[in-house]
Amino acid sequence: MKIINNISNMHDYIDKIKRNKKNIIGFIPTMGALHDGHLSLIHTAAKDCNKIIVSIFVNPIQFGPGEDYNKYPRDIKKDTKLLCSIKKVNCVFIPDVNEMYPPDYATYVQLENEMPKVLCGISRPTHFKGVTTVVCKLLNIVKPDKLYLGQKDMQQAIILKKMIKDLNYKIDVIICPIIREKDGLAMSSRNIYLTPDERNIAPILRKALQIGESMIELGEKDPQVIIKEIKRKIKETDAIIDYVEIVDPETLLKKERISGKVLIAAAIFVGNTRLIDNTIVETKDVH
Ligand code: AMP
């Protein structure tokens, strides 16, 4: 497994791979502190692609003021050892923050529709501009055929899919299922922030979303009734609700009535840690 830290070396490496037209490059961008959620994306990519590139980059511009950029978990040694051990990754790209964003850096990429403003965008207004900018830069460097993203960050995946379509990148986007701990908590690099007491509370997010799923399966059509019930369940604990919403999984617009495919998405604070989770429910009703 190659470890590349510098953008021009990465360009050279990718140029070399691209010389063989049969190579299919699968790309998995991450912020490191790797867990089984990240690894599941790699295993899925390895089924379709013969060249697997993982990036590790804690992207400063997607963190707002007062967020956890400085304390975000970083363990490059552990991550590279883990990636090496699974024997499926050809190259890990770990760019330097000063090369990605030199002092005169000036270019940003952002969606001008509602997508980055809703759900997580309400409490994190600059977050998705940081995500679209860094992924755009990484796609220009890695030039993959296929991009693997997790449903765990569904709003991010939908926004990136839209950016890729709008900017005419010839890249397939594959959204992979959420990998969870045994008690249902979605795996996240941020889960290590949780104290033992908070860790016990955290699975409430998944449990509450499952109540929403069941209500839809039993025929409830009013999103507000479902949202109220999900919130009621979360409020049984000390967790603080950021949002619970039911939206269209393509457009992220609020659903007035449950029909077709719906995305139930939520964010809560457990102590100081913000957790997100979501579920997609498909109903037979198409109107
Ligand atoms: P991150 O390192 O948190 O930026 O995540 C890198 C990629 O891994 C993103 O596409 C995430 O959606 C995905 N990911 C993170 N956690 C999970 C999980 N529990 N299950 C599936 N994918 C995940």
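If you're wondering where the values come from, they're calculated on a predicted model, not measured in any experiment. (Residues numbered from 1 in each chain as written. Predicted model: local features only at pLDDT ≥ 70, side-chain atom pairs only at ≥ 80, totals over all residues. Heavy atoms only, no water.)

For the rest of this paragraph, the subject is the domain arrangement of the chain. Segmenting the chain into domains produces domain 1 (2–176) and domain 2 (189–280). Using C-alpha coordinates to define each centre, domain 1 is positioned 26 Å away from domain 2. Counting residues at the interface gives 21 residues for domain 1, matched by 19 residues for domain 2. Across the domain 1-domain 2 interface, the total number found is 1 salt bridge. Measuring nitrogen to oxygen at the nearest pair gives 2.8 Å for the salt bridge that ties D68 to R190. Inspection of the domain 1/domain 2 interface yields 9 residue pairs in polar contact (both at pLDDT 80 or more). In terms of residue count, the dominant contributor to the side of domain 1 that touches domain 2 is helix α7 (residues 154–166) (3 residues). Across the side of domain 1 that touches domain 2, the residue classes break down as 10 nonpolar, 6 polar and 5 charged. (Domains from an automatic or database assignment. Contact = heavy atoms within 4.5 Å. Salt bridge = Lys/Arg side-chain N within 4 Å of Asp/Glu carboxyl O. Polar contact = N/O pair within 3.5 Å; in protein donor to acceptor, adjacent residues only side chain to side chain. Helix = DSSP H or I, 4+ residues; strand = E, 2+ residues; numbered from the N terminus. Nonpolar A, V, L, I, M, F, W, Y, C, P; charged D, E, K, R; others polar.)

With that settled, consider the pairing of strand β8 (residues 261–270). Counting buried positions along β8 gives 8 out of 10 residues, so the element sits mostly inside the fold. Sheet topology note: the strand β7 (residues 240–247)/β8 ladder contains 7 bridges and is antiparallel. Bridge pairing links I241 to I268 in β8. In this sheet, strand β9 (residues 273–282) lies alongside β8 in antiparallel orientation, the contact comprising 10 bridges. Along β9, the bridge assignment pairs A267 with I276. (Buried < 20%, exposed > 50% of the residue type's maximum accessible area, 1.4 Å probe, protein only. Pairing = 2+ DSSP bridges.)

Our next topic: the nonpolar core. M10, I53, L139 and M163 are the most contacted members of the largest nonpolar core, which totals 48 residues. When residues of this core are traced back to their parent elements, those giving at least two are α1 (7–19), β2 (25–30), β4 (91–93), α6 (127–142), β5 (146–150), α7, β7 and β8. For this core, the two domains that each supply at least three residues are domain 1 (2–176) and domain 2 (189–280). In this structure M163 touches V109, L111, T132, V135, C136, L139 and Y169, once residues within four positions along its chain are discounted. In this structure, L194, I216, I227 and A266 belong to the second largest nonpolar core, which totals 24 residues. (Core = buried A, V, L, I, M, F, W, Y, C linked by side-chain atoms within 4.5 Å.)

Surveying the vicinity of the ligand reveals 16 residues, the closest of which are M31, H38, D153, I179 and M187. Note that an oxygen atom of the ligand is positioned 2.8 Å from one of the side-chain N or O atoms of H38. Contact distances for the ligand include 2.9 Å between a nitrogen atom and a backbone N or O atom of M187. Burial of the ligand by the protein chains amounts to 93% of its free accessible area of 480 Å². Those elements that place two or more of their residues in the shell around the ligand are β2, α2 (36–48) and β5. Ranked by residue count, the leading element in the shell around the ligand is α2, at 3 residues. The class makeup of the residues in the shell around the ligand is 9 nonpolar, 5 polar and 2 charged. (Near = heavy atom within 4 Å. Areas by Shrake-Rupley, 256 points an atom, 1.4 Å probe, with all protein chains shown as cover.)

Evaluated as defined, the whole model comprises 0 disulfides. You can see C49 has no disulfide; the closest cysteine sulfur is in C176, sitting 10 Å from it. For C49, a relative accessible area of 7% gives the class buried. No disulfide involves C120; its sulfur sits 19 Å from the nearest other cysteine sulfur, which is in C176. Taking the relative accessible area as the measure of exposure, C120 reaches 8% and is therefore buried. (Disulfide = S-S within 2.5 Å.)

Tallied over the entire structure, the rule returns 13 salt bridges. Residue E213 is joined to R206 by a salt bridge in which the shortest nitrogen-to-oxygen separation is 3.5 Å. Taken as a pair, E213 and R206 share a single burial class, namely buried. Between E229 and R232 there is a salt bridge, with the nearest N and O atoms lying 2.7 Å from each other. Of this pair, E229 and R232 are both found in helix α10 (residues 223–234), 3 residues apart, which corresponds to roughly one turn of the helix. A relative accessible area of 43% places R232 in the partly exposed class. Through salt bridges that share partners, E229, R232, K233 and E236 make up one connected network.

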